[in-house]
Amino acid sequence: MKEKANILVLGTSGAGKSTLINTVIGQEVAEVGKGKHVTEKMQSYESPDLNFRLIDSRGFEYSAVNTRKAVKDMQKWLKDGLRDKKPRIHMLWFCVDATSQRFTKQMVATLETVKKAWKDVPIIVVLTKSFFPAEDEDNIKMVQDTFLKFAKKTGMPTAIIPVLAQAPKGHEIVPRGIEKLIETTEDNLDDAIRDAEEAVRKYDLKYKRIKSQILTVGAATSGAVVGAVPIDFPDAVILTPLETLLITQISKIYQLDQDDDYTKKVISRIVETGTVSMVAKAAINKLKMTPGIVNIAADVLNAVIAGAIVFAIGESSSIIMEKVYLGEIEKQSLDWIDSIIDGKMGGIVKKVTEIITNKKTNLSVKSIIHELVKSN
Ligand SMILES: Nc1nc2c(ncn2[C@@H]2O[C@H](COP(=O)(O)OP(=O)(O)OP(=O)(O)O)[C@@H](O)[C@H]2O)c(=O)[nH]1
Ligand SMILES: [Mg+2]
């Protein structure tokens, strides 16, 4: 049997999330309240007839504090799903109370915050409590307009569906829209599952990149680098132990097998190229001859150069290890490693030259690395 998709049901407090879930599931599974804040915890519900599970959530807007907590919880759910720490979310149902006839900038902002870790997660907007079909058109337009006007990072919803989950007592009005909601959801599930797969892959790479960068910045600004001066470039070997450690740590982030011969070869090639690279030497010589550089104290300049080299090595390692991790490499030759390092090294030295020439005050390894991170 196919694995069920997971749908996170969001919306303001009392919008009718739990009522909707009960109707879709076909049983009174989720607790429903009367304008009170009923659903405290997130819980998931399923039916053998559906290819998706519904996860009920705590509503927004009950109070500012609660909203913040609810948003944080949901943001975390989505993110943990991308990291396979929690069930993966494939779609959002965003419930908007049609009787309130308002869908605000604030609601879009809240939604965007929830989606931060995965901004392209598909959304279906459910216009709950759509008692009157005559109002559908206006309500749909209101939601569309608000998205168009205020959604900065979020695209348009996959669909906007008016739903009445439960007939009001003593009225002729009958439930509607549930079939269409289920059908639209099921029709979009395959795409949603594929997109989630891709989002998980991207998130994993981004996470690894960030972790590597944190290590790289730490190494580039460490006392060991600053203390490695004066460094005459041919003697850059002084940096080797620090670089080897950094590269090894980065290879661990990319889960490379430390006992594997290929991993060992890759690591030593990065150290070799990174410390004795002709490109690096040429770039640094050029940097040292840049007009204005003479005004900088030799030890500061050397520390900055050493920091920039370590930074370039760390950043290249991350790119290189990512390729190894993804298997996007040719194993016969290691020349591809050199071109990545040379490219990075050249780019970074150029950037450092720019920074130094534009800003001659307060030059330090920290400020340079900070600028490099920003421009990267
Ligand atoms: N008649 C009718 N009432 C509805 C419908 N949907 C929600 N309600 C009513 O609206 C109120 C709130 O509904 P809930 O389903 O508890 O709303 P919720 O979004 O889960 O609320 P919280 O869990 O507090 O965030 C209840 O009194 C429901 O009976 C509907 O389709 N028809
Ligand atoms: Mg509820």
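Residues numbered from 1 in each chain as written. Chains lettered and ligands numbered in written order. Predicted model: local features only at pLDDT ≥ 70, side-chain atom pairs only at ≥ 80, totals over all residues. Heavy atoms only, no water.

Caption draft 1: Examining the sheet that holds strand S2 (residues 43–45) more closely. One open sheet holds the six strands; their spatial order is S2-S3-S1-S4-S5-S6, and the pairing between them is mixed. Single-partner strands in this sheet number two, and they are S2 and strand S6 (159–162). Pairs of neighbouring strands in the sheet enclose a mean axial angle of 25°, with direction left out of account. Two elements, strand S5 (residues 123–128) and S6, share four bridges in a ladder whose sense is parallel. Directly across from valine 125, in S6, lies its bridge partner isoleucine 160. Its contacts with the sheet place helix H1 (residues 17–25) against strand S1 (5–11), S2, strand S3 (52–56), strand S4 (91–97) and S5, and it is angled at close to 155° to S3. Helix H4 (residues 136–150) contacts S5 and S6 of the sheet and is inclined by roughly 140° relative to S5. (Pairing = 2+ DSSP bridges. Helix = DSSP H or I, 4+ residues; strand = E, 2+ residues; numbered from the N terminus. Axes fitted to C-alpha atoms, helices over the stretch in contact; angles between N-to-C directions. Contact = heavy atoms within 4.5 Å.)

Caption draft 2: Just the nonpolar core, in detail. With 49 residues, the main nonpolar core has Val266, Ile270, Met321, Val352 and Ile356 as its most contacted residues. Breaking this core down by element, the ones donating at least two residues are helix H5 (178–220), helix H7 (240–253), helix H8 (261–276), helix H9 (278–288), helix H10 (298–326), helix H11 (335–358) and helix H12 (365–375). Ranked by the residues each element gives to this core, the list is headed by H10, at 14 residues. Beyond its immediate chain neighbours, meaning those up to four positions away, isoleucine 270 contacts Ile247, Ile313, Ser317, Ile320, Met321, Ile337 and Ile341. Counting residues in hydrophobic clusters, the runner-up holds 34 residues, among them Ala70, Met74, Met107 and Val125. (Core = buried A, V, L, I, M, F, W, Y, C linked by side-chain atoms within 4.5 Å. Buried < 20%, exposed > 50% of the residue type's maximum accessible area, 1.4 Å probe, protein only.)

Caption draft 3: Expanded view of the pairing of S6. Neither face of S6 is open: one carries Ala159 and Ile161, the other Ile160 and Pro162, and all of them are buried. With respect to chirality, the unit in which S5 leads through H4 into the neighbouring parallel S6 is right-handed. (Right-handed = clockwise from strand over helix to strand, strands pointing away.)

Caption draft 4: Fine view of the pairing of S5. Summarising burial for S5: six of the six residues are buried, a large majority. Judged by which residues are buried, S5 turns out to be covered on both faces: Ile123, Val125 and Leu127 on one side and Ile124, Val126 and Thr128 on the other are all buried. With six bridges connecting them, S4 and S5 associate as parallel partners. Paired with cysteine 95 across the strands is valine 126, a residue of S5. Since S4 and S5 lie parallel, the crossover through helix H3 (residues 105–114) that links them has a hand, and here it is right-handed.

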